Amino acid sequence: FEPLYFYNAYRDSNNIIPWLATGHQYDDEFTQVTVHLRQGVTWSDGMPWSAHDLAFTIHLLKSNAPMLSFSTDMDIWVDTVEVVDSLTAKIHLKAPNPRFMFSYFTYNFGNGIHIVPRHVWDGQQVDTFKNYDPAKGWPVGTGPYTLASVTPQQRIWDRRDDWWAATTGFQ
């Protein structure tokens, strides 16, 4: 899974690196944030990655609080998520939070929300869905590797030559 942003603590400046997002803006009260997503991102199964996946993930977390990681946070902070278009989402917060994007959607020190593919997770029971079926290509992610096999002793990952960043020229 890749995040909207990466945080690089070892840089003196420009340490927030846009990844699946190209940027975001808060309103003057910090109760709404508009997120702009990178064009050309695809899931490992070839489906386009979009604002619908971001909105679905936030709503999935909210509706499953407190069972899932970050679900209580999303339930506390997020009122609704509006999909403006496939590359734009507007998150309406319940209270001002100028650190919302950094706290939850900027991957830092192994921490951050994993956005899930709506086309895989929609209709699944989150407490029983295993999300592992190599014949179906699961798990589906946006990253440069796919999980090929798992045993108690090892995990084998295959490099994706069709990774969105390689095919779009993103660096």
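Source: prediction; values computed, not measured.

One open sheet holds the 4 strands; their spatial order is S3-S4-S6-S5, and the pairing between them is antiparallel. Every interior strand has two partners, whereas the edge strands, strand S3 (21–26) and strand S5 (78–85), have only one. The average angle at which neighbouring strand axes cross in this sheet is 20°, direction not considered. Relative to strand S6 (residues 88–93), S5 runs antiparallel, the two sharing 6 bridges. By the bridge assignment, Asp85 is partnered in S6 with Thr88. Those strands touched by helix H1 (residues 51–63) are strand S4 (32–37), S5 and S6, and its axis lies near 165° from that of S5.

Let us look at the nonpolar core. The biggest cluster of nonpolar side chains holds 43 residues, and the ones touching the most others in it are Leu4, Val35, Met74, Ile91, Phe100, Met101 and Phe105. If you list the elements that add at least two residues to this core, you get S3, S4, H1, S5, S6, helix H3 (100–105), helix H4 (118–121) and helix H5 (164–168). A per-element tally of this core places H1 first, with 7 residues. Beyond its immediate stretch of four places on either side in the chain, Leu4 contacts Ile17, Pro18, Trp19, Leu20, Ala21, Val35, Leu37, Trp49, Leu54, Met101, Phe105 and Ile115.

Right, let's talk about the pattern of salt bridges for a bit. Throughout the structure, instances matching the rule amount to 3 salt bridges. Between Arg159 and Asp161 there is a salt bridge, with its nearest N and O atoms 2.7 Å apart. One exposure class covers both Arg159 and Asp161, and it is exposed. In this structure, the salt-bridge partner of Asp162 is Arg160, at a minimum N-O distance of 3.2 Å. Using a relative accessible area of 43% as the deciding quantity, one classes Asp162 as partly exposed.

With that settled, the discussion passes to the sheet that holds strand S1 (residues 5–7). Read across the open sheet, the 3 strands follow the order S2-S1-S7; overall the sheet is mixed. Looking along the sheet, the strands with just one partner apiece sit at the ends: strand S2 (16–18) and strand S7 (106–107). One ladder, built from 2 bridges, connects S1 with S7; its direction is parallel. By the bridge assignment for S7, Phe6 is matched with Tyr107.

Right, let's get into the side chain of Arg160. Mapped onto the elements, Arg160 comes out in the loop between strand S9 (155–159) and H5. Among the polar contacts listed, one links the side chain of Arg160 to the backbone oxygen of Thr142, at a separation of 3.5 Å. A polar atom in the side chain of Arg160 sits 3.2 Å from the side chain of Asp162. When residues no more than four places from it in sequence are discounted, the contact partners of Arg160 are Thr42, Trp43, Ser44, Gly141, Thr142, Gly143, Pro144, Tyr145 and Thr146.

Rules used in this analysis
- Residues numbered from 1 in each chain as written.
- Predicted model: local features only at pLDDT ≥ 70, side-chain atom pairs only at ≥ 80, totals over all residues.
- Heavy atoms only, no water.
- Pairing = 2+ DSSP bridges.
- Helix = DSSP H or I, 4+ residues; strand = E, 2+ residues; numbered from the N terminus.
- Axes fitted to C-alpha atoms, helices over the stretch in contact; angles between N-to-C directions.
- Contact = heavy atoms within 4.5 Å.
- Core = buried A, V, L, I, M, F, W, Y, C linked by side-chain atoms within 4.5 Å.
- Buried < 20%, exposed > 50% of the residue type's maximum accessible area, 1.4 Å probe, protein only.
- Salt bridge = Lys/Arg side-chain N within 4 Å of Asp/Glu carboxyl O.
- Polar contact = N/O pair within 3.5 Å; in protein donor to acceptor, adjacent residues only side chain to side chain.

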